[in-house]
Amino acid sequence: MVEFALCFPILLLFSVSAVGVAHAEETANDLATVVRDGARYASVNPALYGVCAAGSTTCAPNTIQGVIQAEANSVNQSAGGVTLANTNCLWGGLPTPPALSASPASPSIPTNASASCMTIAYYASGALNTAACAYYQPSANPVFTNVNSGTCTATSSVSTPVFVEVIVAVAQSATGNPVVVLLNGLHITPLMTRSYSMEVVP
Amino acid sequence: MNIRARSRSGRRGERGQVIPIVAMLILIITGFAAISLDAGMDYAQSRSDNDISDAAALAGAYWVTDNQPGSAGTTLVGLYNAEYNAGSADGCNITGQQCSTPMVVSGTSTYKVAEVWTTNAFNSTSFPTPNIYVGSLGTCSTSAGGTFAVGTCPAASAILDVGAPVSDKTTDYFAAVVGGHPVGITPNAVAAVAGTGGGSTSTNPTMACEVCVFGNVQINGMGDELEAGGGSIDVGGCVWYDTTGATVLTTNGYGIDVDGTSQACGASVYMTGQSGSPDLLDASGSLGIDGGLTFNGSYSTVEGATTTISGTVGATWWQSNYNVITPSSYGTTSVTDFTDPMANTAVPTYAGATTNCTAVGIVSSSSTTSGCLTATGSPATSATLASGVYGNVTLDLPTTVNPGEFESLTVGNTNETITFNAGTYIFDGSGIDVNATGTTLTGTGLTFYMTCGSGTTPASCGTWTPSSTQPTGGTCSSTNSSGSEVQMNGSTTLNLGAPTGTNPVLFFFDRCNSNSNAFYVDSQGVTAGSGYPTGMLYAHSGGLQINASTSSIPSPLLVGSIDYNNQSIVLGSATGSVALTSGTSGPGTLVN
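Residues numbered from 1 in each chain as written. Chains lettered and ligands numbered in written order. Predicted model: local features only at pLDDT ≥ 70, side-chain atom pairs only at ≥ 80, totals over all residues.

1. Re the overall build of chain A
Logical step 1: The secondary structure content of chain A amounts to three helices and five strands.
Logical step 2: Its helices and strands in sequence order give chain A the pattern α-α-β-β-β-β-α-β, from N to C terminus.
Logical step 3: Each of the 202 residues in chain A was classed as buried or not, and the buried ones make up 47%. (Helix = DSSP H or I, 4+ residues; strand = E, 2+ residues; numbered from the N terminus. Buried ≥ 20, exposed ≤ 12 C-beta atoms within 10 Å, placed from the backbone.)

See the structure below:
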């Protein structure tokens, strides 16, 4: 009995950890799928960032952000899907996207948003470390904001081939995930970030 | 020793035996866990590498589409860089990583290559060997390890498929501890340069709206339909269902916006359906109506994935007459305004010959070679018109026409083929009139500019000033309702193609040409060969009069108004405009 009592917590920790890691990995894979499909949609429909209230999780299905949300909601339906808010991620406290990177640094999620955010950024070149030239800002009237003037546009007549990078970040929900509960108890908030890039079809 | 004592002694002897068993089990379990973690991470890495290969192949296909036609024997470094950058942006080719795309050829060659097929190799089920490899300097070879040279590169227009092989290795953590070796991951996506839905040099523009109407849509025939599946339907006026059984619909997630507030229609959408023949307004995406909705009948349906209607919904008793709005909890906010996406596009110009060709009138079997006219045969069986400035010309023979200025061009005999050589054709009189059945109009690289003027002097029909005005995107100082028009008064085949370029226009009507019959199709209709027509029909202030079903109207369709004048007319296609039907939403399509 004593040996079992000693071993059981260890085995239990193994089992629970395996479930937690698997769940986290599943979410990561889900987000990879979401950003891949979102980037593909945004690359062929660069001007379809639609009217949708900031923070909404149910944007119209024919908009870039709506496609991303619908994809996120469907990839893991057995677990209720991943809910994504129409909220810009913050990079150093600002919505200005980072330079093009295969693994952008983790953004911060605005405190007034649900536990997720997304960045849809455009670049005048597909070369690494290229500074963003524009990004979408969610609002009642969506704003395509140029951060390097004159370098790219999201209209249907893009004069310069550009790249689009879709980045989503989700703070792992503590619900039903013992590992996350444990990490939260240790005041370590897991944040899942995935990005994917595509050349824009002018 | 009694039995109890022996028993205690035996138990003491067995104590501790579980500890080595548990220790071994933990080792075994840990080993399995390590294998599982390695396998899981390897699988995730292979998924990522497949994505990278997909993105890189599509980037290569996009580049090929955007850079056609190109010339054989010139560098394809752009194709290579497009794939390389796409791979880098998603995690390959970064210093210190073992992932690379396009692939580093194993063996003695140091070239990295992208793959190119110039044959229809992927019609077969097997994975064919590429016939061209592209190195990092844009040079080409017919084998991966061969001699790379610019001269062996094909023209971009000859490239049918591009491949982006990725070379990567697994990053094994626990396996490496026990001497395991990384496993190669070598996905190889191939994208076809086959789509027709975009690209800066595509002949088929991609616009937000597939049907943009800056004024009203009047549907007069029972069973008439307006369809779009490659973009939205945006109407800056009113949609009048002046009949029963009429349909306006979009598919593929595209929406419908109707804003007739500036037109004083009474209601932006007016439906008159009846039981057994209801009207339908059906948006696959969002549906927005500004300016009210009137049901002057019963059983009609207004629906969208989301629906907003600002203004009054009536008339009296519409609900009890079984009319339906879906979703029933529709919003009441205004829809997003739109403007003419072509409002700032320059009008076509013609800098061709100025030779006076007004002596050419009727081209017939009795014509002889003279001046701008070259007749073949005696009696003449065909003719050619040189570039020049013409008056009113009637073609009673199969004729090849060169770019120029015309007051009018009339096709007078049946079953003629009129071939237009590439260039801009300016009309300043009555315009094009196909006045015979069985006519085929053919040619590519064409723009027909339908403007106003006097005699052979083309002039703008009014001064256009672009602005942010909704939905027109600008204003005319004056309009001319007698501007040049296109009349299709026979069973006409439109094998016509616009030039390549951004948002190519096949028929460009002067923005202030307010001819209500700007583009007229009679009851015999128009058809088109496969892939035709390409380029848009742009008649900002002009009207489209339609009397027969057709999906062969140039698309996108940007017109001032649409009038249906017959029954059971289907205009457009639910699977996209004719130009988009056989294509995709982008120029690259993954085929492997």
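2. Some details on the nonpolar core
Logical step 1: In terms of nonpolar packing, the biggest core is built from 98 residues, with B:V239, B:V269, B:F448, B:L506, B:F507, B:L537 and B:Y538 touching the most fellow members.
Logical step 2: Among the elements that make up this core, the one with the highest residue count is strand β42 (residues 536–546) of chain B (six residues).
Logical step 3: Beyond its immediate stretch of four places on either side in the chain, B:V239 contacts B:V217, B:V248, B:V258, B:S268 and B:V269.
Logical step 4: One finds A:A39, A:Y41, B:A89 and B:C99 within the second-largest nonpolar core, a separate group that totals 86 residues. (Core = buried A, V, L, I, M, F, W, Y, C linked by C-beta atoms within 7 Å. Contact = placed C-beta atoms within 7 Å.)

3. Things to note about the pairing of strand β10 (residues 225–228) of chain B
In summary, the side chains of a regular strand alternate between the two faces of the sheet.
All names here are of chain B.
Logical step 1: The alternating pattern of β10 places E225 and E227 and L226 and A228 on opposite faces, both of which are buried.
Logical step 2: Examined bridge by bridge, β10 and strand β13 (residues 247–250) share four bridges and lie parallel to one another. If you follow E227 over to β13, its bridge partner there is L249. (Pairing = 2+ DSSP bridges.)

4. Points about the environment of B:F174
Residue and element names in this part refer to chain B.
Logical step 1: Tracing the sequence through the fold places F174 in helix α4 (residues 174–177).
Logical step 2: Its 16 C-beta neighbours within 10 Å are what place F174 among the partly exposed residues.
Logical step 3: Each C-alpha atom, one on F174 and one on L37, is 8.4 Å from the other, the two residues being 137 residues apart in sequence.
Logical step 4: Residues contacting F174, with those up to four places away along its chain left out, are A34, L37 and D38.

5. Comments concerning the sheet that holds β10(B)
Residue and element names in this part refer to chain B.
Logical step 1: As summarised here, the arrangement of the six strands in space is β22-β19-β16-β13-β10-β44, forming an open sheet in which the pairing is parallel. Among the strands making up the open sheet, the edge pair consists of β22 (324–326) and β44 (570–573). Put simply, the sheet's adjacent strands are angled 10° from each other on average, direction ignored.
Logical step 2: Pairing geometry for strand β16 (residues 280–282) and strand β19 (residues 301–303), over three bridges, is parallel. Looking at β19, one finds that L281 is bridged to V302. (Axes fitted to C-alpha atoms, helices over the stretch in contact; angles between N-to-C directions.)

6. Topic: unusual backbone geometry
In most cases, non-glycine residues show a negative phi, while peptide bonds are predominantly trans.
Residue and element names in this part refer to chain B.
Logical step 1: Going from T326 to P327, the amide bond is cis rather than trans, its omega being -5°.
Logical step 2: With respect to the helices and strands, the residue P327 is situated in the loop between β22 and β23 (362–363).
Logical step 3: Backbone torsion omega between S378 and P379 reads 0°, so that peptide bond is classified as cis.
Logical step 4: With respect to the helices and strands, the residue P379 is situated in the loop between β24 (373–376) and β25 (382–385).
Logical step 5: Here N93, not a glycine, exhibits a phi torsion of approximately 65°, which is positive.
Logical step 6: Structurally, N93 is set in the loop between α3 (77–89) and β1 (114–117).
Logical step 7: Although it is not a glycine, N415 adopts a positive phi angle of roughly 55°.
Logical step 8: Under the C-beta neighbour-count criterion, N415 is labelled exposed, with 12 such atoms within 10 Å.

7. With respect to the environment of B:V505
Residue and element names in this part refer to chain B.
Logical step 1: With respect to the helices, strands and loops of the structure, V505 is situated in strand β39 (residues 505–509).
Logical step 2: Taking the C-alpha atoms as reference points, V505 and G535, 30 residues apart in sequence, are found 4.8 Å from one another.
Logical step 3: In contact with V505, other than residues within four places in its own chain, are T447, A498, G535, M536 and Y538.

8. Overview of the sheet that holds strand β27 (residues 399–401) of chain B
All names here are of chain B.
Logical step 1: Reading across from one edge, β24-β25-β27-β29-β31-β38-β41 is the order of the seven strands in this open sheet, with mixed pairing throughout. This sheet does not close on itself; its edge strands, each paired only once, are β24 and β41 (526–527).
Logical step 2: For β25 and β27, the ladder comprises three bridges, and the chain directions are parallel. When the bridges of β27 are listed, A383 appears paired with T399.

9. A few points about the packing of helix α1 (residues 2–44) of chain A against helix α2 (residues 64–75) of chain A
All names here are of chain A.
Logical step 1: At a closest axis distance of 9 Å, the pairing of α1 and α2 adopts a crossing angle of 155°. It follows from the interaxial angle that α1 and α2 lie roughly antiparallel. When the axes of α1 and α2 are compared, the crossing they make is right-handed. Facing α1, whose interface residues are D30, T33, V34, D37, G38, Y41 and A42, α2 presents I64, V67, I68, E71, A72 and V75. (Parallel < 35°, antiparallel > 145°, perpendicular 65-115°, else oblique. Left-handed = near helix turned anticlockwise from the far one by under 90°.)

10. Let's talk about the packing of helix α2 (residues 18–66) of chain B against α3(B)
Residues and elements named next belong to chain B.
Logical step 1: Direction vectors running N to C along α2 and α3 enclose 150°, while the axes themselves pass 8 Å from each other. When the interaxial angle is binned, α2 and α3 end up roughly antiparallel. Note on packing geometry: the crossing formed by α2 with α3 is right-handed. Residues I52, A55, A56, A59, G60, Y62, W63 and V64 of α2 form the contact with α3, whose own contacting residues are G78, L79, A82, E83, A86 and G87.

11. Describing α1(A)
Logical step 1: The terminal C-alpha atoms of α1(A) lie 64 Å apart, and with 43 residues this matches the ideal 63 Å at 1.5 Å per residue to within 8%.
Logical step 2: A:F8 marks the point of greatest bend in α1(A), at about 25°, and the proline A:P9 comes within the next four residues. (Expected span 1.5 Å × (residues − 1). Bend = angle between axes of the 7 residues up to and from the residue.)

12. Describing the pairing of strand β7 (residues 188–193) of chain B
Residue and element names in this part refer to chain B.
Logical step 1: Across the six residues of β7, five count as buried, placing the element largely inside the fold.
Logical step 2: Of the pairings in the sheet, the one linking strand β4 (residues 161–165) to β7 comprises five bridges and is antiparallel in character. Within the sheet, the bridge partner assigned to V162 lies in β7 and is A191.

13. What about the confidence of the model for chain B?
All names here are of chain B.
Logical step 1: Of all residues in chain B, 88% have pLDDT values of 70 or greater, and the mean over the chain is 82.
Logical step 2: Of all secondary-structure elements in chain B, the lowest mean pLDDT belongs to helix α5 (residues 578–581), at 27, while β27 reaches the highest, 96.
Logical step 3: Predicted confidence for residues 195–207 stays below pLDDT 50, and this span has 60 contacts to residues more than four positions away or in other chains.
Logical step 4: Below a pLDDT of 50 lies the segment residues 576–592, which in the model reaches 70 contacts outside its immediate sequence neighbourhood of four places, other chains included.
Logical step 5: The complex prediction reports pTM at 0.53, with the ipTM value standing at 0.80. (pLDDT = per-residue confidence, 0-100.)

14. Remarks on the environment of B:V347
Residue and element names in this part refer to chain B.
Logical step 1: Topologically, V347 is positioned in the loop between β22 and β23.
Logical step 2: Placed 164 residues apart in sequence, V347 and R511 show a C-alpha to C-alpha distance of 8.8 Å.
Logical step 3: V347 has contacts with Y449, F508 and D510, leaving out every residue within four places of it along the chain.

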